[in-house]
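# Coordinate inspection notes
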Amino acid sequence: FSYSGIRWTCLEPQFTKFLFADYGPVLFVSRFSYKDIKRATDGFHRTIYSNSYGAAYKARFEDGGTALVKEIRALKQENVAFYREVQLLGRLHHRHLLALRGFSAGHKRLLIFDNIENGSLKEHLNDPLRTPLDWKTRLQIAIGVAAALEYLLLFSNPPIYNVSVTSSNIMLDENFTAKLSDVGLGSSVGSSDRMHNASCSEDCVEHESSNIIFQLGVLILELVTGQSSDQEAGDIIQWISESHFSKSIHKMIDPDLGNDYDSRELKSLLAVARLCIKSGDKPPFSIPQLFRYLRKKVDILCD
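Since the model is a prediction, treat every value here as computed from it, not as a measurement. (Residues numbered from 1 in each chain as written. Predicted model: local features only at pLDDT ≥ 70, side-chain atom pairs only at ≥ 80, totals over all residues. Heavy atoms only, no water.)

## Observations concerning the overall build of the chain
Check the secondary structure of the chain and you find 10 helices and nine strands. Across the 303 residues in the chain, those meeting the buried criterion constitute 56%. Pairs at least 24 apart in sequence give 66% of the contacts found in the chain among residues at least 6 apart. As displayed, the chain has an accessible area near 14,200 Å², and 48% of this comes from carbon and sulfur atoms. (Helix = DSSP H or I, 4+ residues; strand = E, 2+ residues; numbered from the N terminus. Buried < 20%, exposed > 50% of the residue type's maximum accessible area, 1.4 Å probe, protein only. Contact = heavy atoms within 4.5 Å. Areas by Shrake-Rupley, 256 points an atom, 1.4 Å probe, with all protein chains shown as cover.)

## Topic: the pairing of strand S4 (residues 54–60)
Counting buried residues along S4, five of its seven residues qualify, which places the element largely inside the surrounding structure. Here strand S3 (residues 47–51) pairs with S4 via four bridges, running antiparallel. By the bridge assignment, Tyr49 is partnered in S4 with Ala56. Counting the residues that bridge the hairpin from S3 to S4 gives two residues. Direction of pairing for S4 relative to strand S5 (residues 66–72): antiparallel, over a ladder of seven bridges. In the sheet register, Ala56 faces S5, and the bridge partner there is Lys70. If you look at the hairpin formed by S4 and S5, you'll find five residues sitting between the two strands, and Gly64 has a positive phi there, around 95°. (Pairing = 2+ DSSP bridges.)

## What about the pattern of salt bridges?
With the rule as written, the count across this model stands at eight salt bridges. Of the charged contacts, one joins Arg39 and Asp36 as a salt bridge, the two residues approaching to 3.0 Å between their closest N and O atoms. Taken as a pair, Arg39 and Asp36 lie in helix H2 (residues 34–40) at a separation of three residues, close to a single helical turn. The buried category is assigned to Asp36, whose relative accessible area is 16%. Here Asp127 and Arg130 are joined by a salt bridge, their closest N and O atoms 3.9 Å apart. The exposure class assigned to Asp127 is partly exposed, which follows from its relative accessible area of 30%. For Arg130, a relative accessible area of 28% corresponds to the partly exposed category. The network of salt bridges with shared partners includes Asp36, Arg39 and Glu62. (Salt bridge = Lys/Arg side-chain N within 4 Å of Asp/Glu carboxyl O.)

## With respect to the packing of aromatic side chains
Summed over all chains, the structure comprises eight aromatic pairs. The ring centre of Phe44 lies 5.1 Å from the NZ or CZ of Lys108, which sits over that ring. It is Arg109 that lies over the ring of Phe82; its NZ or CZ is 5.2 Å from the centre. (Phe/Tyr/Trp six-rings, centres within 6.5 Å; stacked < 30°, edge-to-face > 60°. Lys NZ or Arg CZ within 6 Å of the ring centre and 35° of its normal.)

## Concerning unusual backbone geometry
Most peptide bonds take the trans configuration, and most residues that are not glycine carry a negative phi. A cis amide bond links Asn157 with the next residue in sequence, Pro158, at an omega value of 5°. Here Phe44, not a glycine, exhibits a phi torsion of approximately 60°, which is positive. Topologically, Phe44 is positioned in the loop between H2 and S3.

## A few points about helix H5 (residues 135–155)
For H5, which comprises 21 residues, the first-to-last C-alpha distance of 29 Å matches the rise-based estimate of 30 Å (1.5 Å per residue) to within 8%. Its side-chain oxygen 3.4 Å from the backbone nitrogen of Lys136, Asp134 forms the N-cap of H5. (Expected span 1.5 Å × (residues − 1). Polar contact = N/O pair within 3.5 Å; in protein donor to acceptor, adjacent residues only side chain to side chain.)

## Some remarks on helix H3 (residues 79–90)
Between its terminal C-alpha atoms H3 stretches 16 Å, which fits the 16 Å expected from 12 residues at 1.5 Å a residue. H3 sits mainly inside the fold: nine of its 12 residues count as buried. What H3 keeps buried is the set Ala81, Phe82, Tyr83, Glu85, Val86, Gln87, Leu88, Leu89 and Gly90.

## Side note on the environment of Asp262
Note that Asp262 resides in the loop between helix H8 (249–252) and helix H9 (263–278). Asp262 sits in the partly exposed class, given a relative accessible area of 30%. Distance in space between the C-alpha atoms of Asp262 and Trp135 is 8.0 Å, their sequence separation being 127 residues. Among the polar contacts listed, one links the side chain of Asp262 to the backbone nitrogen of Glu265, at a separation of 2.9 Å.

## A short note on the packing of H9 against helix H10 (residues 287–297)
Close contact between H9 and H10 brings their axes to 10 Å; oriented N to C, the two are set at 165°. In terms of orientation, H9 and H10 fall into the roughly antiparallel class. For the crossing formed where H9 meets H10, the hand is right-handed. Within the contact between the two elements, H9 uses Arg264, Glu265, Ser268, Leu269, Val272 and Cys276 and H10 uses Leu290, Tyr293, Leu294 and Lys297. For the contact of H9 with H10, a count of residues per class yields six nonpolar, one polar and three charged. (Axes fitted to C-alpha atoms, helices over the stretch in contact; angles between N-to-C directions. Parallel < 35°, antiparallel > 145°, perpendicular 65-115°, else oblique. Left-handed = near helix turned anticlockwise from the far one by under 90°. Nonpolar A, V, L, I, M, F, W, Y, C, P; charged D, E, K, R; others polar.)

Pasting the structure below:
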């Protein structure tokens, strides 16, 4: 990671003991200067998305390197919580998670992630000037996101339930590999009152799990139909919930796909989406079970 102006550093000494005791060490974290980030984001005008929890920007550095920069508004005055977030996110490593590369704690609380060569999934679904995503790529995105969620809920310690799954925060690299970017306390569903779920009750965990499952179902519908705006989401949710939805699949599938898709795989994806959306507060299955089901039904290898 060689962007100019970066200083490699350990986390601030006053937080080191606290963080290492809770989450284990991350030996080196790259610290960016606020000035360099401001310049790379064109004065924070290269906005990817913005909401009440924070904003995301595309950064282009003088040496040509690109990155995703997230402003964490929820932690503006909370030093310990911010550095703990840096510590935890720095320990997450998965092919379908956007990797944390550094931070800035100047005028804004900023997290710096891997480059995003092909932008967000939402851009590809909405922008008529972009080459449409083919069926295989859409399948890979669905399975990749499910794999990332399995990792966060099953293999991360502690499990991370603060995650937002939408087409606007799924980034695509140069190979169109899906990278989930809205994870942890900086997520649009994050809360400073329950940073990670070590202190979350069983009911809280059930609620967060069902919310993630619902979001995954909506994402699959977006991939199938090409509809990704908030206005259209209600329409596709209503459609998949209808008892005779299968009779109108040909009307709902993204016209950009034409006939270039596998009918068996399409039905499997829609079956998963329907289960996710109709399952309610206590789904009878888990994200790992969904992931394994998709792997069995779709002829694509996905690490």
